[in-house]
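Chain and residue survey
The lines below spell out each chain.
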Amino acid sequence: MSLHRIFSFITAATVAVVAANARTHYDYTAIPMPGMPFTFTVDSIAMRNDVTRIYGHLYGTPHTSARIDGFFIQPSAKHVRPGTKIVENEATDIDGFEFTHRFQWEDDGDIPVEIDFDPVPEADVYYMRITHPNGWYGLTLRKGNGEKPTRKVGR
């Protein structure tokens, strides 16, 4: 067997193992605390052994700017398996804008985002903190009834 075939087989096996361990949830709703100047919606949460990735959207007022310094997520202690260690995880990466830099909402006010965290235990409820230069905003991510929600465009 050639080295190329061995490498191809190992790569395919690795992809199969990662895919087998991935679970994607489409039924989380983001519930914001009062006073948030933008809206965050969740399209899906991909739970893998190496990363938890949240796919979502930030909606703000078109042609205004903002700055977000970080995202933090923590499962609710009431909504995980007994004995699960509860810690607040800081986002390791984001696509859509850069942390600690100002960004602007364009004409439609929509910024699609992908937020990566170290693996987070599965839970029906998560608490999320979004930090900015003057403090933080809070959200609750609550699992729904198993149906994929219809995403609203705009605020």
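Computed from a prediction, not measured in an experiment: that's the story for all the values here. (Residues numbered from 1 in each chain as written. Predicted model: local features only at pLDDT ≥ 70, side-chain atom pairs only at ≥ 80, totals over all residues. Heavy atoms only, no water.)

Some thoughts on the overall build of the chain
Going by this rule: Here a helix means four or more residues in a row that DSSP labels H or I, a strand means two or more in a row labelled E, and each is numbered from the N terminus. Burial classes: relative accessible area under 20% of the type maximum marks a residue as buried, over 50% as exposed, and values in between as partly exposed (1.4 Å probe, protein chains only). Residues count as neighbours in contact if any of their non-hydrogen atoms are within 4.5 Å of one another. Each accessible area is a Shrake-Rupley result for a 1.4 Å probe, and residues are judged covered by the shown protein chains and nothing else.
Counting its regular elements, the chain contains 1 helix and 11 strands. Going from N to C terminus, the chain has its helices and strands arranged as α-β-β-β-β-β-β-β-β-β-β-β. Each of the 155 residues in the chain was classed as buried or not, and the buried ones make up 37%. Taking as baseline every contact in the chain between residues at least 6 positions apart, the subset at least 24 positions apart corresponds to 67%. Accessible surface, the chain: about 9400 Å² in total, of which carbon and sulfur atoms supply 53%.

Examining the environment of Lys-78
Along the chain, Lys-78 falls in the loop between β6 (70-75) and β7 (89-95). Given a relative accessible area of 76%, Lys-78 falls into the exposed group.

Let's talk about the sheet that holds strand β9 (residues 110-117)
Selection rule: Two strands make a pair as long as DSSP finds a minimum of two bridges between them. Axis definition: a line fitted to C-alpha atoms, limited for helices to the stretch in contact. Angles are taken between N-to-C directions and run from 0 to 180 degrees.
If you walk across this open sheet you meet the 9 strands as β1-β3-β4-β9-β7-β6-β10-β11-β2, and the pairing is antiparallel. Either end of the sheet is taken by a strand with one partner, and the two such strands are β1 (23-25) and β2 (28-32). Along the sheet, successive strands turn relative to each other by an average axial angle of 30°, direction set aside.

A look at the nonpolar core
In globular proteins that are soluble, nonpolar side chains generally tend to be buried together. Filter applied, for reference: Residues enter a nonpolar core if they are buried and are Ala, Val, Leu, Ile, Met, Phe, Trp, Tyr or Cys, with the set joined through side-chain atoms within 4.5 Å.
With 32 residues, the main nonpolar core has Phe-40, Phe-71 and Met-128 as its most contacted residues. Secondary structure elements with two or more residues in this core: β2, β3 (39-47), β4 (52-59), β6, β7, β9, β10 (125-132) and β11 (135-143). The contact partners of Phe-71, leaving out residues within four places of it in the chain, are Phe-40, Asn-89, Glu-90, Ala-91, Ile-94, Phe-97, Phe-99, Ile-115, Phe-117, Met-128, Arg-129 and Ile-130.

Structural notes on the packing of aromatic side chains
To keep it simple, the criterion reads: Classification of ring pairs uses Phe, Tyr and Trp, with its six-membered ring standing for Trp, and accepts pairs whose centres are within 6.5 Å; under 30 degrees between planes counts as stacked, over 60 as edge-to-face, and the remaining range as tilted.
Considering all chains together, one arrives at 8 aromatic pairs under this definition. Plain terms: the ring middles of Phe-71 and Phe-99 are 6.2 Å apart, the flat faces sit at 45° to each other, and that makes the pair tilted. Taken together, the residues Phe-71 in strand β6 and Phe-99 in the loop between β7 and β8 (102-104) connect sequence positions 28 residues apart. Each member of the pair Phe-71 and Phe-99 is classed as buried.

Notes on the environment of Glu-106
Along the polypeptide, Glu-106 turns up in the loop between β8 and β9. As for Glu-106 and His-63, which are separated by 43 residues in sequence, their C-alpha atoms are 5.5 Å apart. Dropping the residues within four chain positions of it, Glu-106 is found in contact with Pro-62 and His-63.

Observations concerning the pairing of β3
For β1 and β3, the ladder comprises 3 bridges, and the chain directions are antiparallel. By the bridge assignment, Thr-24 is partnered in β3 with Ala-46. Pairing between β3 and β4: 8 bridges, direction antiparallel. Counterpart to Thr-41 in the pairing with β4 is His-57.

Quick notes on the confidence of the model for the chain
The cut-off we apply is this: What pLDDT reports is the predictor's confidence in each residue, on a scale of 0 through 100.
Looking at the chain, the pLDDT average stands at 83 and 77% of residues meet or exceed 70. Here helix α1 (residues 3-21) stands out as the element of the chain with the lowest mean pLDDT, 50, in contrast to β9, whose mean of 97 is the highest. Within the model, pLDDT remains below 50 along residues 12-20, and this stretch shows 1 contact once partners closer than five positions in the same chain are excluded. Across residues 148-155, confidence stays below pLDDT 50; counting only partners more than four residues off in sequence or on other chains, it has 19 contacts.

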